[in-house]
Amino acid sequence: MHIHKFEKVWLIFGIAMLIVFLSVLGVSAFYLGNQPPSCLNTIDPAKVDTTAPFDKPGLKKVEGKEWDYELVIVASMFNYNPGAVEIPKGSKVKVMVTTKDVIHGFEIAGTNVNMMVEPGFISEYVASFNKTGEFTIVCNEYCGMGHHMMTSKIEVVE
Ligand code: CUA
């Protein structure tokens, strides 16, 4: 079978790219540990207020874990509880968020924390806060009339 020269070049290029992209994906997943959220942590959205740790939202110091603090936040129409949080500079924080009603967003502007918060699930992300200053938390999933007013803030202090 005769294959045109350009056709051959294109085939080799295509196969090479496939190998490159699969390698990037493999290294990212198995060597760097980038995995999609498990969605394994579930919660009854009707009982958020009485389910630990969401019965006491806020920042908690923890011992013997990979992170220094756990930040527990409850989202609901149209606010976050707590409305403001102070985090000591340089701490590693596991952010845990759930919602009592509809889907909300949870983005800490200026950081790489950006999660979708779904009823029945706990969204988690571990982040380090190494820069002092005020960071606004915004809802970036349209959730109703008050969506644009749904904010909270994190203050990273010395
Ligand atoms: Cu909550 Cu938009």
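Whatever comes next refers back to the structure up there.
Residues numbered from 1 in each chain as written. Predicted model: local features only at pLDDT ≥ 70, side-chain atom pairs only at ≥ 80, totals over all residues. Heavy atoms only, no water.

A. Looking closely at the packing of aromatic side chains. One pass over the full model with this rule turns up two aromatic pairs. An angle of 20° between the planes, with centres 5.4 Å apart, marks the rings of Trp10 and Phe13 as stacked. Here the residue Trp10 and the residue Phe13 both occupy positions in helix α1 (residues 5–31), the gap between them amounting to three residues, near one helical turn. Measuring from centroid to centroid gives 5.7 Å for Tyr80 and Phe106, while their planes differ by 85°, and the two rings are edge-to-face. Within this pair, whereas Tyr80 is found in strand β3 (residues 79–81), its partner Phe106 is found in strand β6 (residues 104–108), the two being separated by 26 residues in sequence. Judged by its relative accessible area of 3%, Tyr80 is buried. Relative accessible area serves as the criterion here: at 0%, Phe106 is assigned to the buried category. (Phe/Tyr/Trp six-rings, centres within 6.5 Å; stacked < 30°, edge-to-face > 60°. Helix = DSSP H or I, 4+ residues; strand = E, 2+ residues; numbered from the N terminus. Buried < 20%, exposed > 50% of the residue type's maximum accessible area, 1.4 Å probe, protein only.)

B. The arrangement of unusual backbone geometry in detail. Here the bond from Met77 into Phe78 is cis, since omega is -5°, no more than 30 degrees from zero. By secondary structure assignment, the location of Phe78 is in the loop between β2 (69–76) and β3. Across the junction of Asn81 and Pro82, the peptide omega takes the value 5°, indicating a cis bond. Topologically, Pro82 is positioned in the loop between β3 and β4 (84–88).

C. Inspection of the pairing of strand β10 (residues 151–157) at higher detail. Across the two faces of β10 the burial differs, with Ser152, Ile154 and Val156 buried and Thr151, Lys153, Glu155 and Val157 not buried at all. With five bridges joining them, β4 and β10 adopt parallel strand pairing. Its bridge partner being in β10, Val85 is matched across the sheet by Ile154. (Pairing = 2+ DSSP bridges.)

D. Fine view of the pattern of salt bridges. On inspection of all chains with the given rule, the structure shows six salt bridges. The partner of Lys47 in a salt bridge is Asp44, with the nearest N and O atoms 3.7 Å apart. Look at Asp44 and you get partly exposed, because its relative accessible area is 36%. A salt bridge links Lys65 to Glu70; its shortest N-O distance comes to 3.0 Å. Overall, Lys65 belongs to the partly exposed group, its relative accessible area being 47%. (Salt bridge = Lys/Arg side-chain N within 4 Å of Asp/Glu carboxyl O.)

E. Representation of the pairing of β6 within the structure. When you tally the buried positions in β6, you get four out of five residues, the bulk of the element. Summarising the sheet, β6 and strand β7 (residues 114–117) pair through four bridges and their orientation is antiparallel. Considered in β7, the bridge of Glu107 is made with Asn114. Taking the residues that link successive antiparallel strands as the turn, the β6-β7 hairpin has five residues, and the phi of Gly110 there is positive, at about 90°. Taken together, the two bridges between β6 and strand β9 (residues 133–138) define a ladder with antiparallel strand orientation. Paired with Glu107 across the bridge in β9 is Val138.

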